[in-house]
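These are the residues of each chain, in order.
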Amino acid sequence: MTTPSEPSPDTAPDRRQFLQQAAGAVAAVAIQPTLVELAGRQPRAPLTVGLIGVGRQGRAILAELQKMEQVRVAAICDVAAARLRAGTRRAKGAEAHAEHRQLLDQPGIDAVIVATPTHAHRTVVTDALAAGKHVYCEAPLAHTVEDTAAIAKAARGADKVFQAGFLARSNPIYQLARSFLRSGTLRDVISLRAQDHEKTSWRIPSSDAAREHELNWRLDPSRSIGLPGELGAHQFDAISWFLDAYPSDVRANGAVRLHKDGREVPDTAVCDLRFADGAQLSWQASLCNSFEGRYEVFHGSMATIKLAWTSGWMFKEADAPTQGWEVYANREAFHNDEGITLIADATKLAKQGKLKEGIGLPQPPLWYGLADFIKSVTEAKPVACSAAEGYRSTVIGISANQALTSGVDVHITPELLQVG
């Protein structure tokens, strides 16, 4: 079974033709590229990488890089001595640096991955680009529009690869689901809904007051863009990418509902983002409850797509035309609804009688984003998320947080979404 490629708007087939091409005679939906295909394109010479920031996200990045034979982590950097020591235990043979410019001066570093706190991105990224390094920057890009624009301009002026770490664009399930939506499977997009729920505090304790202040930047309004910026920007990016459109207005409200420890940054937030065509995204996030985790839902007049980062489903309306391949599809029940599961390597697994074993991604979403970056550097492939796209999604997150903190609706102008 072949994976559907996205047709141009001028040549898009009708819905029935698209589904027939997408599914062929098999029940489930294949996604691409597969893990095997990616592995088959791995270059022989390792790419020498430096990792700046080995906190929680940096450690997750390091774990994924160590799965890739085409990558050698040659240097790590962190301002915290304890994290740096822990990082050297994980990255065997990597040189350790307490300052990012020392890492950039280390001979032989081809690419840099930036996983520092968001407000520290600008200096590190611009220095890395100026030093002639390829750069992968965690998302959101920065905590202010000014810093975000500075990063985007530096990337635009460099002759090196720059990728923003918005992971939906690299996620094979999301790529497939987007091709369905863009080709008319949902027909009319009626409404959009998303959430990010995780019961956690965001607070990191320390016996040293200065150190505690540094660690808890997410709780500092001068450095943090809150739930809408740190979490929402990733989902706003996915939805804007799917729709090929950006919200024009946002209103928001929130409060500290659980973690009453003196923080000023809300632990619960709700945002309504409106698009020019009348579509509206209802988004909410909370650090007080974990029910249903993180997901996005696209409601259409003929089908609904629900995506949850490692899994995805399509729910057809009763009056939607039936295709032959649906008879064999793997299905999951959700209360009174039945979803067709988006499955990796569906054809191969179906032939082996192992279709249900393929539910979910073979690797975490982060792996695919890093793999795309490596391919862009070593094979001159287009980046999954450019600096300009990263700028726009970051600015939307910043605008949503501005609406939350001010209590005033924010208008997102087309000019604001353009890098000057």
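It should be noted that the structure appears before, not after, this text.
Below is a summary of the structure that appears in this document. Being a predicted model, the structure only gives us computed values, none of them experimental.

Quick notes on the environment of Lys133
Relative to the assigned elements, Lys133 resides in the loop between helix H6 (121–130) and strand E5 (134–138). Residue class for Lys133 comes out buried when judged on its relative accessible area of 9%. Remark: the alpha-carbon pair of Lys133 and Val112, spanning 21 residues in sequence, is separated by 6.4 Å. A polar contact of 2.9 Å, which involves the side chain of Lys133, links it to the backbone oxygen of Ile109.

So, the pairing of strand E12 (residues 303–307)
Counting buried residues in E12 gives 5 out of 5 residues, a clear majority hidden from the surface. Of the two faces of E12, the one lined by Ala303, Ile305 and Leu307 and the one lined by Thr304 and Lys306 are each fully buried. Sheet analysis places strand E11 (residues 294–300) next to E12, joined by 4 bridges and oriented antiparallel. Paired with Val297 across the two strands is Lys306, which belongs to E12. The loop that links E11 with its antiparallel partner E12 comprises 2 residues. Looking at chain direction, E12 and strand E13 (residues 312–316) are connected through 5 bridges and run antiparallel.

Examining the sheet that holds strand E4 (residues 111–114)
Sheet strands line up and pair through hydrogen bonds in the backbone, either parallel or antiparallel. Pairing in this open sheet of 6 strands is parallel, and the strands run E3-E2-E1-E4-E5-E6 from one edge to the other. At either margin of the open sheet sits one strand with a lone partner, and together these are strand E3 (95–97) and strand E6 (162–165). Between one strand axis and the next, the sheet turns through 20° on average, direction left out of account.

Some details on the nonpolar core
Grouped together as the largest cluster of nonpolar side chains are 108 residues, with contacts concentrated most on Leu65, Ile113, Phe162, Tyr174, Leu281, Trp283 and Leu307. Residue contacts for Leu65: discarding those within four places in its chain leaves Val49, Val71, Val73, Ile113 and Leu370.

A few points about the sheet that holds strand E10 (residues 280–286)
The mixed open sheet is built from 10 strands, whose spatial order is E14-E15-E13-E12-E11-E7-E10-E9-E8-E16. Only two strands of the sheet have a single neighbouring strand rather than two, namely strand E14 (331–334) and strand E16 (410–411). Running at roughly 150° to E10, helix H10 (residues 226–243) makes contact with strand E7 (189–197), strand E9 (268–274), E10, E11 and E12 of the sheet. Packing of helix H13 (residues 387–406) onto the sheet brings it into contact with strand E8 (249–255), E9 and E16, and relative to E8 it is tilted by some 55°.

Brief notes about the pattern of salt bridges
Scanning the model with the defined rule gives 19 salt bridges in all. Arg101 serves as the salt-bridge partner of Glu99, at 2.9 Å between the closest nitrogen and oxygen. Among the ionic pairs, Arg169 bridges to Glu389, the shortest N-O distance being 3.2 Å. In this pair, Arg169 sits in the loop between E6 and helix H8 (172–182) while Glu389 sits in helix H13, placing the two residues 220 residues apart along the sequence. Arg169 gets classed as buried once you look at its relative accessible area, which sits at 8%. The structure contains a network of salt bridges with shared partners spanning Arg169, Asp237, Glu389 and Arg392.

Points about the environment of Leu227
Locating Leu227 in the fold gives a position in helix H10. Residue classification places Leu227 among the buried positions, given a relative accessible area of 1%. For Leu227 and Gly254, which are 27 residues apart along the polypeptide, the C-alpha to C-alpha distance reads 9.7 Å. Setting aside residues no more than four positions away along its own chain, Leu227 makes contact with Trp202, Gly232, Pro266, Asp267, Thr268, Ala269, Trp283, Ala285 and Leu287.

Describing unusual backbone geometry
For residues besides glycine, phi is generally negative; the peptide bonds are generally trans as well. The omega angle of the peptide bond from Ala139 to Pro140 is 0°, so this bond is cis rather than trans. You can see Pro140 is positioned in the loop between E5 and helix H7 (145–157). Positive phi values are uncommon outside glycine, yet Glu292 reaches one of about 70°. For Glu292, the position within the fold is in the loop between E10 and E11.

Brief notes about the pairing of strand E2 (residues 71–77)
Along E2, 6 of the 7 residues are buried, which leaves the element largely enclosed by surrounding structure. Examined bridge by bridge, E2 and E3 share 3 bridges and lie parallel to one another. Residue pairing across strands places Ile76 opposite Ala96, the latter belonging to E3. With respect to chirality, the unit in which E2 leads through helix H4 (residues 81–90) into the neighbouring parallel E3 is right-handed.

Observations regarding the packing of H10 against H13
With their axes 8 Å apart at the nearest point, H10 and H13 run at an angle of 135° to one another. Compared by their axis directions, H10 and H13 come out oblique. For H10 against H13, the interelement crossing comes out right-handed. For the pair H10 and H13, contact is made by Gly226, Pro228, Gly229, Ala233, Phe236, Asp237 and Ser240 and by Glu389, Ser393, Ile396, Gly397, Ala400, Asn401 and Leu404, respectively. A class-by-class count of the residues in the contact of H10 with H13 yields 6 nonpolar, 6 polar and 2 charged.

About the cut-offs
- Residues numbered from 1 in each chain as written.
- Predicted model: local features only at pLDDT ≥ 70, side-chain atom pairs only at ≥ 80, totals over all residues.
- Heavy atoms only, no water.
- Helix = DSSP H or I, 4+ residues; strand = E, 2+ residues; numbered from the N terminus.
- Buried < 20%, exposed > 50% of the residue type's maximum accessible area, 1.4 Å probe, protein only.
- Polar contact = N/O pair within 3.5 Å; in protein donor to acceptor, adjacent residues only side chain to side chain.
- Pairing = 2+ DSSP bridges.
- Axes fitted to C-alpha atoms, helices over the stretch in contact; angles between N-to-C directions.
- Core = buried A, V, L, I, M, F, W, Y, C linked by side-chain atoms within 4.5 Å.
- Contact = heavy atoms within 4.5 Å.
- Salt bridge = Lys/Arg side-chain N within 4 Å of Asp/Glu carboxyl O.
- Right-handed = clockwise from strand over helix to strand, strands pointing away.
- Parallel < 35°, antiparallel > 145°, perpendicular 65-115°, else oblique.
- Left-handed = near helix turned anticlockwise from the far one by under 90°.
- Nonpolar A, V, L, I, M, F, W, Y, C, P; charged D, E, K, R; others polar.

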